[in-house]
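Chain and residue survey
The residues making up each chain are set out below.
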Amino acid sequence: ATVRQEGDQVVINGRGWGHGVGMVQWGLKGKAERGMSYRDMLAYYYGGLRPVKRPEPDKIRVGLAVNLEEVTIERNGNVMVSGAALPDGPVRVTGGPALGFAPSDPIPERLRMEKLVVTPPPGPAGPATINFELSAPALVHLEYSGPAGVRGVTPEEPRDRGLQSYSWDPAAAGLGPGRYEVTVVAADGVDRVRSQALEIGLPSPSPTPARQRASPSPTAPAGAAASRPPLWLWPLAGAGLFLAAAAAAIYLIRRRVSR
């Protein structure tokens, strides 16, 4: 943030996403545009409390971080530390029984998300992989929209700086087939960056072909196979009939002769 004085006014330029427990930045902006004074704005958000003048104390305690083991700071002016030598450049401040100070890498000016690549799902159903690079640690989540007005947000995940891989499975999230627009969102408490909209498709599963039922072959009536003789017996049956007829003729001839 920057602070400058213009006549009898103090102009502050800054950026951030607030702390979620007090004033709303866009609400303040709207009230300022309507001409509300800063005293009335503070009273609106803090139960009627209004600023009053007090004698300036000798020391002012400033909280840099809460529930953090370390924090990196960069100075834009003179800083004095009692009982310790402060290194040049960015400084990593560690907590504990006593504060520790050590040189640190420069703090990125702004959170950046780069090298965004999407690998589509491997088949009709499966996770898509989103690869990207963060310039600083951040909380990352996905925002998606799809067919039939489907919209949703995934839970936030803490990610470190460097190359990251995020897996998202629409089917596991209970979403149906269709095309989804997915946006990667990263926030580090000050900056909030969004990727361009990514298109991820969840195709319909291939229909399983119906099993063709074999048409039944015509079957012979019961007992037909047993009553019909095999083809190889037909000549023998004909010969047998012939011999039987010949024997009957001979028998009749002999009988007539014997008379």
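What you are looking at is a predicted structure, and each value in this text was computed from that prediction instead of being measured.

1. Observations regarding the side chain of R159
Mapping R159 onto the fold places it in strand 10 (residues 157–159). Setting aside its immediate chain neighbours within four residues, R159 contacts L134, P137, A138, V140, Q164, S165 and Y166.

2. So, the confidence of the model for the protein chain
Taken residue by residue, the protein chain gives an average pLDDT of 77. The fraction at 70 or more is 71%. Scored below 50 in pLDDT, residues 222–226 shows zero contacts in the model against residues more than four places distant or in partner chains.

3. Here we look at the sheet that holds strand 3 (residues 70–73)
The sheet built from three strands is open, its strands ordered 3-4-5 with antiparallel pairing. Only two strands of the sheet have a single partner each, and these edge strands are strand 3 and strand 5 (100–103). For this sheet, the mean inter-axis angle between neighbouring strands, taken without regard to orientation, is 25°. Both strand 4 (residues 91–94) and strand 5 contribute to a ladder of four bridges, which runs antiparallel. Counted as the bridge partner of V91 is P103 from strand 5.

Cut-offs and rules
Residues numbered from 1 in each chain as written. Predicted model: local features only at pLDDT ≥ 70, side-chain atom pairs only at ≥ 80, totals over all residues. Heavy atoms only, no water. Helix = DSSP H or I, 4+ residues; strand = E, 2+ residues; numbered from the N terminus. Contact = heavy atoms within 4.5 Å. pLDDT = per-residue confidence, 0-100. Pairing = 2+ DSSP bridges. Axes fitted to C-alpha atoms, helices over the stretch in contact; angles between N-to-C directions.

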